[in-house]
Amino acid sequence: MTTVDDLWYLATRAEQRAEQAHHRLVDDHEGFLEHCHSRRVSRSRFRTLADRIADCGGPFGAHSVAYRPSGELLLVWHEGVDMWVVPGGEPEPSESFREAAERELAEEAGVTASYDGLAMNVRVDVRCDDYSTWGVLPLFAARVEDDATPEPADPDGEITDAQWFDDLPENTRDRDDLLTWREYALE
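Anyway, here's the lowdown on the structure attached to this text. (Residues numbered from 1 in each chain as written. Predicted model: local features only at pLDDT ≥ 70, side-chain atom pairs only at ≥ 80, totals over all residues. Heavy atoms only, no water.)

Description of the overall build of the protein
Test applied: What counts as a helix is a DSSP run of H or I of at least four residues, what counts as a strand is a run of E of at least two, and both are numbered from the N terminus. A radius of gyration in this sense is built from C-alpha atoms; the matching globule rule multiplies 2.2 Å by the number of residues raised to 0.38. A simple rule labels every residue: compare its accessible area, found with a 1.4 Å probe on the protein chains alone, to the largest value its type can have, and call it buried under 20%, exposed over 50%, or partly exposed in between. The criterion used for residue contact is that any of the two residues' heavy atoms lie within 4.5 Å. In this description, accessible areas are obtained by the Shrake-Rupley approach with a 1.4 Å probe, and a residue is regarded as covered only by the protein chains that are shown.
Secondary structure assignment for the protein yields four helices and eight strands. Reading the secondary structure of the protein in the N-to-C direction produces α-β-α-β-β-β-β-α-β-β-β-α. For the protein, the C-alpha radius of gyration of 17 Å lies close to 16 Å, the compact-globule estimate for 187 residues. With respect to the principal axes defined by its C-alpha atoms, the protein has extents near 65 × 35 × 30 Å. Each of the 187 residues in the protein was classed as buried or not, and the buried ones make up 47%. Excluding contacts between residues fewer than 6 apart, the proportion of contacts in the protein whose partners are at least 24 apart in sequence is 74%. Looking at the protein as shown, the accessible area adds up to about 9800 Å², and 43% of this sits on carbon and sulfur atoms.

Encoded structure:
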C-alpha cells in the first residue's frame, strides 16, 4: 500500500496564508525594514511550523521591538532557546498580529507601550527535504515612555528575565537585524 504524503498540501496552504498575511502587513504599514531568514528543519518541526503558518500566516507569531527614547531595547530571556529575544508569541484565534504583540509584551515583560507601526517584516523560509514553505514574522515598534522595570509574568514559563539594553548581548537572537533597525529608526 502506498501512503500519500500530505506535506506538499500543507506547505501550499501555508504559503497561501503567508501571502495573505504579507499583503495585509504591507498594505497597512509603511516605512519598515524587510529581512529574510531561512531555516532547515526536521520533518516533524516542518509540519509544526507549516501548521502554524497555515493557521495565522506566521511560524513564530508577532513580536515587539520595545524601545525607550534613549535607544535602549527591551529583551527577554527565553529558556527554551537559551538566548535574549524580543518579546512576542503566537496570536490567539481572535487576535491580530499587533494585538498578539501587545499582549505578549505585557505578559513577558510587564510593560505597556505605544505602538508606532511595523518595525520589521521578516520572511521566514522553512525547508525540509524536498518541501519548503514560508511565513511572516512581524515585529512592531513599541515606544515605552516611563522608567518601568520589566517584570516577566509569562504564563508559559519560558521567559525568566527581562532587561533594558543599550549594548545588545552577543547571545541575542537576530542581533544584527535589531541593531540595523535601531540605527535606521532611532538615529
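From this point, the discussion proceeds with the structure in view.
Some details on the nonpolar core
Operational definition: The definition of a nonpolar core used throughout is a set of buried Ala, Val, Leu, Ile, Met, Phe, Trp, Tyr and Cys residues joined through side-chain atoms within 4.5 Å.
Core analysis: the largest hydrophobic core is formed by 57 residues, its most contacted members being Phe 46 and Trp 181. When near neighbours in sequence (up to four residues on either side) are disregarded, Phe 46 contacts Leu 7, Ala 11, Val 41, Val 126, Arg 127, Cys 128, Tyr 131, Ser 132 and Thr 133.

A closer look at the pairing of strand β6 (residues 114-128)
Within a regular strand, side chains alternate between the sheet's two faces. Rules: At least two bridges found by DSSP between two strands are what make those strands a pair.
For β6, the buried fraction is high: 11 of the 15 residues fall into the buried class. As judged from the eight bridges shared by strand β1 (residues 33-40) and β6, these two strands associate in the parallel manner. Within β6, the residue paired with Cys 36 across the bridge is Arg 123. As paired elements, β6 and strand β7 (residues 131-143) share 13 bridges and run antiparallel to each other. Residue Ser 114 lies in a different strand from β7, and its bridge partner there is Arg 143. Hairpin connection from β6 to β7: two residues lie between these consecutive antiparallel strands, with Asp 129 at a positive phi of about 50 degrees.

Comments concerning the environment of Pro 69
Along the chain, Pro 69 falls in the loop between β2 (62-67) and β3 (73-78). Each C-alpha atom, one on Pro 69 and one on Asp 129, is 45 Å from the other, the two residues being 60 residues apart in sequence.

Notes on the side chain of Glu 95
The criterion, for reference: What qualifies as a polar contact is a pair of N or O atoms within 3.5 Å, subject to a donor-acceptor requirement within protein and to the restriction that residues adjacent in sequence count only when both atoms come from side chains.
Examined against the element boundaries, Glu 95 turns out to sit in the loop between β5 (88-89) and α3 (97-109). Polar side-chain contacts of Glu 95 include one of 2.7 Å to the backbone nitrogen of Glu 92. Of the polar contacts made by the side chain of Glu 95, one reaches the side chain of Arg 103; its length is 2.8 Å. Every residue in contact with Glu 95, bar those within four places of it in the chain, is listed here: Glu 90, Ala 100 and Arg 103.

Focus on the pattern of salt bridges
Proximity of charged atoms lets side chains of opposite charge pair with each other. This is how the line gets drawn: Any Lys or Arg side-chain nitrogen located within 4 Å of an Asp or Glu carboxyl oxygen qualifies as a salt bridge.
What the rule picks out here adds up to 11 salt bridges. The closest approach of N and O atoms between Arg 52 and Glu 90, which form a salt bridge, is 3.2 Å. Placement of Arg 52 in helix α2 (residues 43-56) and of Glu 90 in the loop between β5 and α3 is noted, with a sequence separation of 38 residues between them. Looking at Arg 52, the relative accessible area reads 23%, which means it is partly exposed. Put simply, Glu 92, Glu 95, Arg 103, Glu 104 and Glu 107 are held in one network by salt bridges that share partners.

The values reported here are purely geometric and, on their own, carry no functional implication.
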